[in-house]
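Coordinate inspection notes
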Amino acid sequence: MATINVNVDENVKKQAKDTLDYLGTNFTNVINMLLRQIILTESIPFEIKIPKLNAETIKAIKDTEDGIGLSKAYTNLDEMWKDLEKEDWYNCLQLNIVTYLKKIIN
């Protein structure tokens, strides 16, 4: 057996280890599978590409970076509830809850 030493970002290693643990395998098994697939296919056995983002996604990313369209942050629960009560969806939710409660009570 030969040993391969690889330098990787600590966070990447932890996330990969957590995933591999969940899958019931480990780095050694996965590296061996990868190397065997490289030999079998005489290539890198998966696609490597830079993802292409559509215009809508690019705009959403830019808007988020510029702080456009973000929700208001709250440090006061009473202020949050006051704002929620002004929203139409809140009134709709209240109506749905009341309707639901009436159904289960009757």
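In this text the structure is predicted, and so the values were computed from the model without any measurement.

**Examining the overall build of the chain**
- Along its length, the chain carries 5 helices and 0 strands.
- Counted from the first residue to the last, the chain has its helices and strands arranged as α-α-α-α-α.
- Taken across its 106 residues, the chain has 6% of its residues classed as buried.
- Per element, the accessible surface of the chain, about 10300 Å² overall, is 59% carbon and sulfur.

**Some remarks on the side chain of Thr-25**
- The topology assignment puts Thr-25 in the loop between helix H1 (10-23) and helix H2 (27-41).
- The contact partners of Thr-25, leaving out residues within four places of it in the chain, are Leu-20 and Val-30.

**With respect to unusual backbone geometry**
- With a phi angle near 50 degrees, Glu-42 is a residue other than glycine that sits in the positive phi range.
- Along the chain, the position of Glu-42 falls in the loop between H2 and helix H3 (55-65).

**Side note on the pattern of salt bridges**
- Tallied over the entire structure, the rule returns 5 salt bridges.
- The salt bridge partner of Lys-62 is Asp-66, with a shortest N-O separation of 2.6 Å.
- For Lys-62, a relative accessible area of 47% puts it in the partly exposed group.

**Here's the deal with a nonpolar patch on the surface**
- On the surface, Ile-4, Val-6, Val-8, Phe-27, Ile-31, Leu-35 and Ile-38 cluster together into a nonpolar patch covering about 590 Å² of accessible area.
- As for its placement among the helices and strands, Val-6 is situated in the segment before H1.
- Judged by relative accessible area, Val-6 falls into the exposed class, the value being 58%.

**Concerning H3**
- Two to three positions downstream of the cap, the backbone nitrogen of Glu-56 sits 3.2 Å from a side-chain oxygen, assigning the N-cap of H3 to Asn-54.
- Immediately beyond the C-terminal end of H3, within one or two residues, lies Gly-67, with a positive phi of roughly 80 degrees.

**Brief notes about H1**
- With 14 residues, H1 should reach 20 Å at 1.5 Å per residue; the first-to-last C-alpha distance of 20 Å fits that figure.
- Between the side-chain oxygen of the N-cap and the backbone nitrogen of Asn-11 there are 2.8 Å, and the N-cap of H1 in question is Asp-9.
- A positive phi of about 80 degrees marks Gly-24, the residue just after H1.

**A closer look at the side chain of Asp-63**
- Looking at where Asp-63 falls in the secondary structure, it is placed in helix H3.
- Residue classification places Asp-63 among the buried residues on the basis of a relative accessible area of 18%.
- Side-chain polar atoms of Asp-63 contact the side chain of Lys-59, separated by 2.7 Å.

Reading the values: the criteria
Residues numbered from 1 in each chain as written. Predicted model: local features only at pLDDT ≥ 70, side-chain atom pairs only at ≥ 80, totals over all residues. Heavy atoms only, no water. Helix = DSSP H or I, 4+ residues; strand = E, 2+ residues; numbered from the N terminus. Buried < 20%, exposed > 50% of the residue type's maximum accessible area, 1.4 Å probe, protein only. Areas by Shrake-Rupley, 256 points an atom, 1.4 Å probe, with all protein chains shown as cover. Contact = heavy atoms within 4.5 Å. Salt bridge = Lys/Arg side-chain N within 4 Å of Asp/Glu carboxyl O. Patch = residues over 30% accessible without salt bridge, like charges linked within 9 Å, V, L, I, M, F, W, Y side chains within 5 Å. Polar contact = N/O pair within 3.5 Å; in protein donor to acceptor, adjacent residues only side chain to side chain. Expected span 1.5 Å × (residues − 1).

By themselves, these observations are geometric and do not establish any function.
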